[in-house]
Amino acid sequence: MRLRFRFPTNLRVRLIVLVLAALLPALVFSLYAYFEHRAHTAAAAQQQALRLARYAADRNEQLVTGTRDVLALLARLPEVRGGTVEECNGVLAGLLSENPVYSNFGLVEPDGRLLCSALPFTGTVDLSDRPYFRLVVQTRTFAAGDYQV
């Protein structure tokens, strides 16, 4: 005994099947277009995030290089190398006023004591416990610290 598929004879059922058959390709195409658009949008967002990360890294590298250059020149100034504390404070304050990207400039003694600063301070400021200071003392090269709040 063989089973045979028979198309329904009822007109209403035939119309429903016909409408579904006509709508099915449009539904499939809509789903395909949605997922294709979603994948394209995700890829574009990932590319944009990568561009922004590269830009931020480049800007950070420029800032570090510029800071290193400023500090190297600053270390050669006679007011900083051998001047009075007042002269050193004046030079640092002038430099800070011209470079608002920095929060402060200071000269630290080899024992970690702050000698002069662009911003006024009172008492003794000891920076010998800071990781960047320890690294500078050990390597005698430029070192950057972590972000500070």
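What you see is a predicted model; the values in this text were computed from it and never measured.

1. Looking at helix α3 (residues 85–98)
Taking 1.5 Å of rise per residue, 14 residues should cover 20 Å, and α3 covers 20 Å from first to last C-alpha, within 8% of that figure. Considered for burial, the residues of α3 that qualify are Cys88, Leu92, Leu95 and Leu96. Buried residues of α3, seen end-on, are gathered within an arc of 100° and therefore sit on one face of the element. In this structure, α3 carries Glu86, Ser97 and Glu98 as exposed residues pointing more than 90 degrees from its buried face. Looking at the buried positions of α3, the neighbouring elements they touch are α1 (11–76), α2 (78–81), β1 (106–108) and β2 (114–117).

2. Structural notes on the environment of threonine 84
For threonine 84, the location among the structural elements is in the loop between α2 and α3. We classify threonine 84 as partly exposed; its relative accessible area is 40%. With 56 residues separating them along the chain, threonine 84 and arginine 140 place their C-alpha atoms 24 Å apart.

3. Quick look at unusual backbone geometry
The residue arginine 140 is not glycine, and still its phi comes out positive at about 55°. In this structure, arginine 140 sits in the segment after α4 (131–139). On the basis of relative accessible area, arginine 140 is assigned to the exposed category, the value being 74%.

4. Section: a nonpolar patch on the surface
A grouping of Leu24, Leu27, Val28, Leu31, Tyr34 and Phe35 is seen on the molecular surface, where their side chains present a nonpolar patch of about 620 Å² in accessible area. Tracing the backbone shows leucine 31 in helix α1.

5. What to know about the pattern of salt bridges
Side-chain pairs of opposite charge can arise whenever the charged atoms involved come near each other. Throughout the structure, instances matching the rule amount to two salt bridges. As a salt-bridge pair, glutamate 109 and arginine 113 come within 4.0 Å of each other at their nearest N and O atoms. The partner of arginine 130 in a salt bridge is aspartate 129, with the nearest N and O atoms 3.6 Å apart. Overall, arginine 130 belongs to the partly exposed group, its relative accessible area being 31%.

The rules behind the values
- Residues numbered from 1 in each chain as written.
- Predicted model: local features only at pLDDT ≥ 70, side-chain atom pairs only at ≥ 80, totals over all residues.
- Heavy atoms only, no water.
- Helix = DSSP H or I, 4+ residues; strand = E, 2+ residues; numbered from the N terminus.
- Expected span 1.5 Å × (residues − 1).
- Buried < 20%, exposed > 50% of the residue type's maximum accessible area, 1.4 Å probe, protein only.
- Arc of directions from axis to C-beta.
- Contact = heavy atoms within 4.5 Å.
- Patch = residues over 30% accessible without salt bridge, like charges linked within 9 Å, V, L, I, M, F, W, Y side chains within 5 Å.
- Areas by Shrake-Rupley, 256 points an atom, 1.4 Å probe, with all protein chains shown as cover.
- Salt bridge = Lys/Arg side-chain N within 4 Å of Asp/Glu carboxyl O.

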